[in-house]
Amino acid sequence: MSEKITPYKDKTRSKKEQVAEMFDTISEDYDGLNRVISFGIDIKWRKKVVQLVGKTNPKRILDVATGTGDLAINLSQTGASEIIGLDISSGMLEIGKHKIAEKKLNTIISMVQGDSENLPYKENYFDAITVAFGVRNFENLEKGLSEILRVLKPGGIFVVLETSIPTKAPYKQGYNLYSTKILPLIGRLFSKDKTAYSYLSKSAAAFPYGEAFNNILKKIGFIEVKDNPRTFGVATIYTATKK
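Residues numbered from 1 in each chain as written. Predicted model: local features only at pLDDT ≥ 70, side-chain atom pairs only at ≥ 80, totals over all residues. Heavy atoms only, no water.

Turning next to the pattern of salt bridges. Overall, the coordinates contain 17 salt bridges when judged by the stated rule. A salt bridge links R35 to D70; the shortest N-O distance between them is 3.3 Å. A residue pair is termed long-range when its members are at least 10 positions apart, and R35 in helix α1 (residues 15–37) and D70 in helix α3 (residues 70–74) qualify at 35 residues. Note on R35: relative accessible area 26%, which makes it partly exposed. Between E82 and R60 there is a salt bridge, with the nearest N and O atoms lying 2.9 Å from each other. With E82 in strand β2 (residues 82–87) and R60 in strand β1 (residues 60–64), this pair connects stretches of sequence that are 22 residues apart. (Salt bridge = Lys/Arg side-chain N within 4 Å of Asp/Glu carboxyl O. Helix = DSSP H or I, 4+ residues; strand = E, 2+ residues; numbered from the N terminus. Buried < 20%, exposed > 50% of the residue type's maximum accessible area, 1.4 Å probe, protein only.)

Written out as structure tokens, the structure reads:
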């Protein structure tokens, strides 16, 4: 990532600390605003991730940057016996715990507060690892991806769902207008944190998507790296595995 984007203009704190504070602050608004901002399309994107993971018949799954646990909950459809949702934000995790309890999935899904760049698991531990809209929030992208590679089993699947930028007109122009003007405005109007959705927009624009992200994954050591743009390229699903 060529430019370091942080939620707040605070040089005394790391990006990691600022991201945790931001998501703690917006945790109660996050799910509702997400549905509005994405027009609900993010639900379809997550279903595709579940399909890809489900084909590998995983027993143990790690969902990094799980947030309020939407993807972790959806991944229960794969038949996995253990799903761990890990996030740096305690506020987001608390919302997720309530959702998991309501769906009676406590015996399958555990919500764990932790750092993506220092995963508390042994090597080759997970059959599948996912990240939905989280890799752009890593303070050190390559370190976080290296940790994911370390704890993924050989032959296991790694799936990333992340925002990207459409390359073709008029979708590129429309996305730019929406992400730079409308999305931050919605955030200012409806979120407790007036800068959060401006950060989310800027971090998405600065993220190395498509072939650039593929190359980073290959550099870290992932193999069979593929990218699949979704909905005119406003999001991309990346898949990779480990030797």
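Right, picking up where we left off after that structure.
For any pair of aromatic rings, the description rests on two quantities: the centre-to-centre distance and the angle between the ring planes. Applying the stated criterion across every chain yields a total of 10 aromatic pairs. Judged by centre distance (6.1 Å) and plane angle (50 degrees), the ring pair of W45 and F133 falls under tilted. With W45 in helix α2 (residues 41–54) and F133 in the loop between β4 (126–132) and α5 (141–151), this residue pair connects regions lying 88 residues apart in the sequence. The exposure class of W45 is buried, given its relative accessible area of 8%. Centre to centre, the rings of F207 and F213 are 5.1 Å apart; their planes meet at 50 degrees, and the pair counts as tilted. (Phe/Tyr/Trp six-rings, centres within 6.5 Å; stacked < 30°, edge-to-face > 60°.)

Right, let's get into the side chain of N137. Structurally, N137 is set in the loop between β4 and α5. If we ignore the near neighbours within four places in the chain, the residues touching N137 are K15, V19, F23 and Y199. (Contact = heavy atoms within 4.5 Å.)

Since there are 3.6 residues in each turn of an α-helix, residues three or four apart along the chain are aligned in direction. Burial analysis of helix α7 (residues 196–206) places 8 of its 11 residues in the buried class, the great majority of the element. Every buried residue belonging to α7 is among A196, Y197, Y199, L200, S201, S203, A204 and A206, and all of these are buried. Of the surrounding secondary structure, the elements contacted by the buried residues of α7 are α1, β5 (152–163) and α6 (171–190).

Okay, the pairing of β4 next. Counting buried residues in β4 gives 7 out of 7 residues, a clear majority hidden from the surface. By the bridge criterion, 4 bridges tie β1 to β4 in an arrangement that is parallel. Bridge assignment links L62 to a residue of β4, and that residue is I129. Judged from the 6 bridges that link them, β4 and β5 form a sheet pairing that is parallel. Looking at β5, one finds that V131 is bridged to V160. Crossover connection from β4 via α5 to parallel β5: handedness right-handed. (Pairing = 2+ DSSP bridges. Right-handed = clockwise from strand over helix to strand, strands pointing away.)

Structurally, the position occupied by D227 is in strand β6 (residues 223–230). Among the residues examined, D227 registers a relative accessible area of 32% and is labelled partly exposed. Distance in space between the C-alpha atoms of D227 and F126 is 22 Å, their sequence separation being 101 residues. The contact partners of D227, leaving out residues within four places of it in the chain, are G210, E211, N214, T236, I237 and Y238. In this structure the side chain of D227 is engaged in a polar contact, spanning 2.6 Å, whose partner is the side chain of N214. (Polar contact = N/O pair within 3.5 Å; in protein donor to acceptor, adjacent residues only side chain to side chain.)

In contact at an axis separation of 7 Å, α6 and α7 are set at 160 degrees when each is read in the N-to-C sense. Regarding the angle of α6 to α7, the classification is roughly antiparallel. As for how α6 packs across α7, the hand of that crossing is right-handed. Contacts between α6 and α7 involve Y175, S179, T180, L183, P184 and G187 from the former and Y197, S198, S201 and A204 from the latter. (Axes fitted to C-alpha atoms, helices over the stretch in contact; angles between N-to-C directions. Parallel < 35°, antiparallel > 145°, perpendicular 65-115°, else oblique. Left-handed = near helix turned anticlockwise from the far one by under 90°.)

To continue, consider the pairing of β5. Of all 12 residues in β5, 9 are buried; the element is thus mostly enclosed. As paired elements, β5 and strand β7 (residues 235–241) share 7 bridges and run antiparallel to each other. When the sheet's bridge partners are listed, I157 is paired in β7 with T241.

Everything listed is a geometric property; what it means functionally is a separate question.
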